[in-house]
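Residue-level structure breakdown
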Amino acid sequence: MEIPVGQWYRAIERRRSRRHFVRLPVEPGLLGRMEAVCAEFRPYGEARAVLVPRPADEVLRGLVGSYGQVKGAPAYVALVGDMRSPYVQERVGYTGQALVLEATSLGLGTCWVGGFFRPEVARRLLGVGAGEQVMAVIPFGRPGHRTWEESLMTGFARSHHRKPLAQLMVQDHPGSGLPEEARWPGWVLAALEAARLAPSAVNRQPWRFSVEVASPPDQAGCTITVSVAGGRDPGGISRRLDCGIAMLHIEVAALAHGVRGSWEPLHPPQVARFVQPRMAQLSRPQ
């Protein structure tokens, strides 16, 4: 499946985590579109998304971290990963975020739930195979009016506050700012800004970025490397999964600016590098 570039790029800015939903079924046409993306967007063999057109209450349990309860979601997507792969965390995050952007573009609300669901229930419903694990679920549906509880919990979590880009860059000298920014092609800055808007568990923003610029600088000679910052994984949610979410945002933004690339896996603490194998540009999508 080709990434619907314009549709998902616009969704990056519009997306907000929603946890309270209207208790009505999702319209068949929208549900069919979500199911099609689950089936067709399979860039990595070790990660898959499964649509479950049943209330998410059946797999959720109690309080979802500091974000409060998820209530009334009429359907959900389960993210299944093959745990035998060393890259499964980031590739599940990348795959799952595609469903979040698709849902957002359809006017639906979503949120990521990685540590507060019943994996044994999900396994039974989905028929998970040997070596596989249900790693996260994404409840979705028509968002309801924000209740005082949702607004209060979102405020506590500072859910859409983001660190300045300078704090997310790997620097040779701390406090040196962004010395290379003036040399970056426009697509690089757009991709990094899109990555800043990615959701992460308790809004920890664990990704770090470095940019390598060709000399002389040009569109096709730049790479972006994503690394993971150290720290605990609250609720069992991997920081590398968060990095996979940011990776999809980088790729969508690059495509929106006419640059096609692919992800090259790296050893920890690095996660992956976005490169342009053919060193060729696309015409800007309409």
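Residues numbered from 1 in each chain as written. Predicted model: local features only at pLDDT ≥ 70, side-chain atom pairs only at ≥ 80, totals over all residues. Heavy atoms only, no water.

**Quick notes on the packing of aromatic side chains**
Stated precisely, the cut-off is as follows: Stacked, edge-to-face and tilted are the three classes for Phe, Tyr and Trp ring pairs, Trp counted by its six-membered ring, which pair at centre distances within 6.5 Å; planes under 30 degrees apart are stacked, over 60 edge-to-face, the rest tilted. A run of H or I in DSSP becomes a helix once it reaches four residues, and a run of E becomes a strand once it reaches two; helices and strands are each numbered from the N terminus. Exposure is judged per residue with a 1.4 Å probe applied to protein chains only, and the accessible area is read against the type maximum: over 50% gives exposed, under 20% gives buried, and values in between give partly exposed.
Under the criterion given, the structure shown has 5 aromatic pairs. Centre to centre, the rings of Tyr 44 and Tyr 94 are 5.4 Å apart; their planes meet at 70°, and the pair counts as edge-to-face. With Tyr 44 in the loop between helix H2 (28–40) and strand E1 (47–52) and Tyr 94 in helix H3 (residues 88–105), this pair connects stretches of sequence that are 50 residues apart. A relative accessible area of 3% means that Tyr 94 is categorised as buried. Taking the centre distance of 5.2 Å and the plane angle of 55° together, the rings of Trp 263 and Phe 274 count as tilted. With Trp 263 in strand E7 (residues 262–265) and Phe 274 in strand E8 (residues 270–275), the pair connects residues that are 11 residues apart, well separated along the chain.

**As for the pattern of salt bridges**
Two side chains that carry opposite charge are able to pair once their charged atoms sit near each other. Applicable threshold: Between Lys or Arg on one side and Asp or Glu on the other, a salt bridge is scored when a side-chain nitrogen of the former is within 4 Å of a carboxyl oxygen of the latter.
Tallying each qualifying case throughout the model produces 12 salt bridges. Between Asp 57 and Arg 23 there is a salt bridge; the shortest N-O distance is 3.6 Å. One end of the pair, Asp 57, is in the loop between E1 and strand E2 (75–82); the other, Arg 23, is in the loop between helix H1 (5–14) and H2, and 34 residues separate them in sequence. On the accessibility criterion, Asp 57 (37% relative accessible area) is partly exposed. One salt bridge in this structure joins Glu 264 and Arg 273, with 2.6 Å as the shortest N-O distance.

**Notes on unusual backbone geometry**
Following Pro 268, the chain continues into Pro 269 via a peptide bond in cis, with omega recorded as 5°. On the secondary structure map, Pro 269 appears in the loop between E7 and E8. Positive phi values are uncommon outside glycine, yet Val 202 reaches one of about 45°. Within the secondary structure layout, Val 202 lies in the loop between helix H7 (186–196) and strand E5 (207–212). Positive phi values are uncommon outside glycine, yet Gln 205 reaches one of about 50°. Counting through the fold element by element, Gln 205 comes out in the loop between H7 and E5.

**Digging into the sheet that holds E8**
Condition: When DSSP finds two or more bridges between a pair of strands, those strands are recorded as paired. With axes taken as lines fitted to C-alpha atoms, and helix axes fitted only over the stretch in contact, angles between N-to-C directions fall between 0 and 180 degrees. We call two residues contacting when some pair of their heavy atoms lies within 4.5 Å.
Strand order in the open sheet formed by 4 strands is E5-E6-E8-E7, and the pairing between neighbours is antiparallel. Both outer strands of the open sheet, E5 and E7, are each paired with one neighbouring strand and no more. Neighbouring strand axes in the sheet, compared pairwise and without regard to direction, differ in orientation by 25° on average. Pairing of E5 with strand E6 (residues 223–228), which is carried by 6 bridges, proceeds in the antiparallel orientation. Bridge pairing in E6 places Trp 207 opposite Val 228. Here H7 sits on the sheet and contacts E5, E6 and E8; the angle it forms with E5, its principal contact strand, is near 175°.

**A look at the packing of H2 against H3**
A packed helix pair is summarised by two numbers, namely the angle formed by the two axes and the spacing between the axes. Counted only if it meets this: Small angles under 35 degrees read as roughly parallel and large ones over 145 as roughly antiparallel, with 65 to 115 read as roughly perpendicular and the rest as oblique. Should the near helix be turned anticlockwise from the far one by less than a right angle, the crossing is termed left-handed; should it be turned clockwise, right-handed. Each residue gets one of three labels, nonpolar for Ala, Val, Leu, Ile, Met, Phe, Trp, Tyr, Cys and Pro, charged for Asp, Glu, Lys and Arg, and polar for the others, Gly among them.
Here H2 crosses H3 at 155°, and the two axes come no closer than 10 Å. Between H2 and H3, the angle is such that the two are roughly antiparallel. Note that H2 runs across H3; the crossing there is right-handed. Note on element contacts: H3 touches H2 through Leu 99, Glu 102 and Ala 103, opposite Arg 33, Met 34, Val 37 and Cys 38. Across the contact of H2 with H3, the residue classes tally to 5 nonpolar, no polar and 2 charged.

**Re the pairing of E1**
Burial runs high along E1: 5 of the 6 residues are buried. When E1 meets E2, the two strands line up antiparallel, connected through 6 bridges. Note on E2: the bridge partner recorded for Ala 47 is Gly 81.

**Describing the packing of H7 against helix H8 (residues 239–256)**
Interaxial distance between H7 and H8 falls to 8 Å at its minimum, and their mutual angle equals 145°. Here H7 and H8 pass one another in a crossing that is right-handed. Contact residues: Trp 187, Ala 190, Ala 191, Ala 194 and Ala 195 in H7; Ala 246, His 249, Ile 250, Ala 253 and Ala 254 in H8. For the contact of H7 with H8, the class distribution of residues is 9 nonpolar, 1 polar and no charged.

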